[in-house]
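# Coordinate analysis (summary)
Below, each chain spelled out in residue letters.
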Amino acid sequence: FWVFLQIGLFSIGGGYAAIPLIQSKIVEENAWLTMTQFTDLITIAEMTPGPIAINSATFVGTHIAGVLGAIVSTIGFIVPAWVIVIILAFLYYKYKGLSIIGDIMAMLRPTVIALIASAGAAILLLTLWGDGAGNINFANIKTQSLILFVLGFAVLKKFKPNPVYIIAGAGIISVTVYAAGH
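Rules used throughout
- Residues numbered from 1 in each chain as written.
- Predicted model: local features only at pLDDT ≥ 70, side-chain atom pairs only at ≥ 80, totals over all residues.
- Heavy atoms only, no water.
- Phe/Tyr/Trp six-rings, centres within 6.5 Å; stacked < 30°, edge-to-face > 60°.
- Buried < 20%, exposed > 50% of the residue type's maximum accessible area, 1.4 Å probe, protein only.
- Helix = DSSP H or I, 4+ residues; strand = E, 2+ residues; numbered from the N terminus.
- Salt bridge = Lys/Arg side-chain N within 4 Å of Asp/Glu carboxyl O.
- 1 Å grid on protein atoms, 1.4 Å probe; cavity = no way out; pocket = protein on both sides within 12 Å on 5 of 7 lines; lining within 4 Å.
- Points joined across faces, edges and corners; volume = space filled by probe spheres on them.
- Nonpolar A, V, L, I, M, F, W, Y, C, P; charged D, E, K, R; others polar.

## Focus on the packing of aromatic side chains
Evaluation of the coordinates by the stated rule reveals two aromatic pairs. Judged by centre distance (5.6 Å) and plane angle (75 degrees), the rings of tryptophan 129 and phenylalanine 138 are edge-to-face. Judged by its relative accessible area of 12%, tryptophan 129 falls in the buried class. Consider the rings of phenylalanine 149 and phenylalanine 153, whose centres lie 6.0 Å apart with planes at 25 degrees: the pair is stacked. Highlighted residues: phenylalanine 149 and phenylalanine 153, both in helix 6 (residues 143-159), separated by four residues, approximately one helical turn.

Here's what the structure looks like:
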């Protein structure tokens with residue numbers, strides 16, 4: 001509860017911005033998951049309905065302590081956001097005419113982008129180099145992962161489909177390649 005309360009309290013910018021904080025608390029500080037398990041968690045949390053950070057809290061809670069762990073960790077994550085949103089909504093509607101509010105919001109955007117980019121880079125490195133991501137050598141890159149990444153990115157940018165189609169397509173390609181190799 002305490003770990004996810006902290007994550008919920010300091011994950012400014014939404015679920016994707018919370019990923020580096022979740023990684024820090026779950027993988028590095030508490031060693032509840034390995035980095036590979038964490039990447040699987042992000043994949044599963046992204047594919048399931050609902051916000052990625054809440055899905056992550058539920059998944060980790062289940063992994064650590066079953067259904068009760070899932071409930072406790074999810075509540076721990078939700079409580080700070082619930083309290084903060086109520087306070088901010090009150091303040092925003094009371095002071096929304098002040099120009100400083102817009103300035104503060106504009107100043108927070110680059111930080112949120114940095115948090116999201118950091119999480120994306122960590123997952124990309126793990127995807128392309130596996131557990132050896134700390135020692136990047138282009139000779140050891142996972143070619144199939146690189147092709148799926150570039151293909152998925154290109155399709156998203158050019159056609160802007162629903163991301164579910166990209167995930168389903170990558171899954172179908174992966175299963176086909178795996179089946180062909182075995």
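Moving on from the coordinates now.
## Observations regarding the pattern of salt bridges
Going through the model one piece at a time under the given rule, you end up with one salt bridge. The shortest N-O distance in the salt bridge between glutamate 29 and lysine 25 comes to 3.3 Å. You can see glutamate 29 and its partner lysine 25 sitting in helix 2 (residues 15-29), four residues apart, about one turn around the helix. Its relative accessible area of 14% is what places lysine 25 among the buried residues.

## Comments concerning the layout of surface pockets
Looking at the largest pocket, its volume works out to about 1,900 Å³. Lining of the largest pocket is provided by 43 residues; of these, Thr43, Ile123, Thr127, Phe149 and Ile167 occupy positions nearest its centre. Of all elements in the fold, only helix 2, helix 3 (35-47), helix 5 (99-129), helix 6 and helix 7 (163-181) reach the threshold of two or more residues within the lining of the largest pocket. For the lining of the largest pocket, a count of residues per class yields 26 nonpolar, 12 polar and five charged. There is about 760 Å³ of room inside the second largest pocket. Along its surface, the second largest pocket is lined by 26 residues, and Ile12, Ile84, Leu88, Met105 and Leu108 are the ones closest to its centre. Take the lining of the second largest pocket: its biggest share by element is 12 residues, from helix 4 (residues 52-95). Each residue belonging to the lining of the second largest pocket can be placed in one class, and the counts come to 20 nonpolar, five polar and one charged.

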